[in-house]
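What follows is the residue order along each chain.
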Amino acid sequence: MKKLLAVLLAGAVALSMIGCGKSSSTAKIGVSMPTKDLQRWNQDGANMKAQLEKAGYNVDLQFAANDIPTQISQIENMITGNCKVLVVAAIDGSSLSNALDSAKKKGIKVVSYDRLIMNTNAVSYYATFDNYKVGTIQGDYLVEKLNLKNRTSSNPVYMEFFTGDPGDNNINFFFGGAMDVLTPYLNSGVIVCRSGQTAKAQAATLNWSTEEAQKRMENLVTSNNYGPKGNKLDAVYCSNDSTAMGVTTALLGAGYTADNFPIITGQDCDIVSVKNMIKGTQAMSIFKDTRTLASKVVEMVDAIVKGSNPPVNDTKTYDNGTGIIPSYLCEPVFGTKDNYKELLVDSGYYTEDQLK
């Protein structure tokens, strides 16, 4: 009888352990992305959903159409829908504090994705790329390609500056990193910005909008007489591809061709921008492999659900106004027409047909 009881007890323990494992792996995870209008967020959302589902989780993936009230409503629905963890890429990093306070009260952990959510202690972790390094890579690229170290103010380069949405904390790192590299050359007169618009607020682009970037570049072309037959323009610093695309369209309209195109930087390796690199109308783009970031977030979520410590590699940099948020920073690299096949096609990120 004792042996039978021991066997039954062992079986019960085993079943209970299986049940616990199942309840963890079938937890519901809410994923909130800003919009479907930009290629990168579609890819981020799709990669996140696929990898979380592969790990056994139920996923509520929502896109907010770049509308803050919509994102707040979607997050509130995720909270009432008993999501165990929320992964949130905020439209505006300062607009979600009330909604996420409700998550904290219910014991729901929040992972801030790519864009740091500000001014709330509901954020437990942050996953992103090394965004300051993104900016320094872009700045260093311009230094090299424009031979800035060997120029003087008597032989300057002419440059304009574009960054992203002022509500996105990341521009402090993208633009800040780039300007840390480029400001000495501005101060010495080796870089000349004819418009004088070198401050973050002047270079900002609402919602990272391609259309807004195009309008501003068109205005700069007109007011500064930029063009192949007008005043010289050597480069335009752009924090990402959506702003770069707007700038590129404006410069094509001003008569530039691949043979005389200013150097344009970018970020995300969006398909249109990769095609522009191949054509010679965009010089480079930072590649942030969203598969890598999604994989790291899945590790974080898995650790949270199982009650262990998520992987982090930065506990000093990212203060959201309530304290330092433990973060995992993935490494960015950059693509050009010379290495895009190895970087993007051979790695399986894109197919050759997508880039034709």
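Now for a description of the structure that goes with this document. (Residues numbered from 1 in each chain as written. Predicted model: local features only at pLDDT ≥ 70, side-chain atom pairs only at ≥ 80, totals over all residues. Heavy atoms only, no water.)

A word on the sheet that holds strand 11 (residues 327-330)
- Taken together, six strands build an open sheet; the order of strands is 2-1-3-4-5-11 and the sheet is parallel. Taken across any chain shown, the strands that pair with only one partner, and hence form the sheet edges, are strand 2 (58-63) and strand 11. Taking the axes of each pair of neighbouring strands and ignoring which way they run, one obtains an average angle of 15° across the sheet.
- Relative to strand 5 (residues 123-129), strand 4 (residues 109-113) runs parallel, the two being bridged by four bridges. When the sheet's bridge partners are listed, Ser 112 is paired in strand 5 with Tyr 126. (Pairing = 2+ DSSP bridges. Helix = DSSP H or I, 4+ residues; strand = E, 2+ residues; numbered from the N terminus. Axes fitted to C-alpha atoms, helices over the stretch in contact; angles between N-to-C directions.)

Points about the packing of helix 8 (residues 210-224) against helix 9 (residues 241-253)
- The contact between helix 8 and helix 9 brings their axes to 7 Å, and the two run at 40°. With respect to their mutual orientation, helix 8 and helix 9 come out oblique. Between helix 8 and helix 9 the crossing geometry is right-handed. Side by side, helix 8 and helix 9 meet where Thr 210, Ala 213, Gln 214, Met 217, Glu 218 and Val 221 of the first sit next to Ser 242, Thr 243, Met 245, Gly 246, Val 247, Thr 249, Ala 250 and Leu 251 of the second.
- Here the residues of the contact of helix 8 with helix 9 are counted per class, giving seven nonpolar, six polar and one charged. (Parallel < 35°, antiparallel > 145°, perpendicular 65-115°, else oblique. Left-handed = near helix turned anticlockwise from the far one by under 90°. Contact = heavy atoms within 4.5 Å. Nonpolar A, V, L, I, M, F, W, Y, C, P; charged D, E, K, R; others polar.)

A look at empty space enclosed by the protein
- One pass over the structure, following the stated rule, counts three cavities of 30 Å³ or more.
- The space that makes up the largest cavity amounts to roughly 120 Å³.
- Along its surface, the largest cavity is lined by 15 residues, and Arg 40, Arg 115, Trp 208, Asn 240 and Asp 268 are the ones closest to its centre.
- Reported here for the second largest cavity is a volume of approximately 60 Å³.
- Around the second largest cavity, the lining residues are Pro 34, Thr 35, Leu 38, Trp 41, Asn 66, Ile 91, Arg 115, Asp 165, Asn 207 and Trp 208. (1 Å grid on protein atoms, 1.4 Å probe; cavity = no way out; pocket = protein on both sides within 12 Å on 5 of 7 lines; lining within 4 Å. Points joined across faces, edges and corners; volume = space filled by probe spheres on them.)

Quick notes on the sheet that holds strand 7 (residues 191-192)
- With parallel pairing, four strands are arranged side by side in an open sheet as 7-6-8-9. The strands lining the two open edges of the sheet, one partner per strand, are strand 7 and strand 9 (263-264).
- Here two bridges tie strand 6 (residues 157-162) to strand 7, and the two strands are oriented parallel to one another. Its bridge partner being in strand 7, Val 157 is matched across the sheet by Ile 191.
- Of the strands in this sheet, strand 6, strand 8 (235-238) and strand 9 touch helix 5 (residues 131-145), which is tilted by about 170° from strand 8.
- This element, helix 9, spans strand 6, strand 8 and strand 9 of the sheet and lies at about 155° to strand 8.

Considering the layout of surface pockets
- As a volume, the largest pocket reaches approximately 310 Å³.
- Listed by contribution, the elements that provide at least two residues to the lining of the largest pocket are helix 5 and strand 9.
- At three residues, helix 5 tops the list of elements feeding residues into the lining of the largest pocket.
- When its residues are assigned to classes, the lining of the largest pocket shows nine nonpolar, five polar and five charged.
- Taken as a whole, the second largest pocket holds about 190 Å³ of empty space.
- Those elements that place two or more of their residues in the lining of the second largest pocket are helix 8 and helix 10 (271-279).
- In terms of residue class, the lining of the second largest pocket is built from five nonpolar, five polar and three charged.

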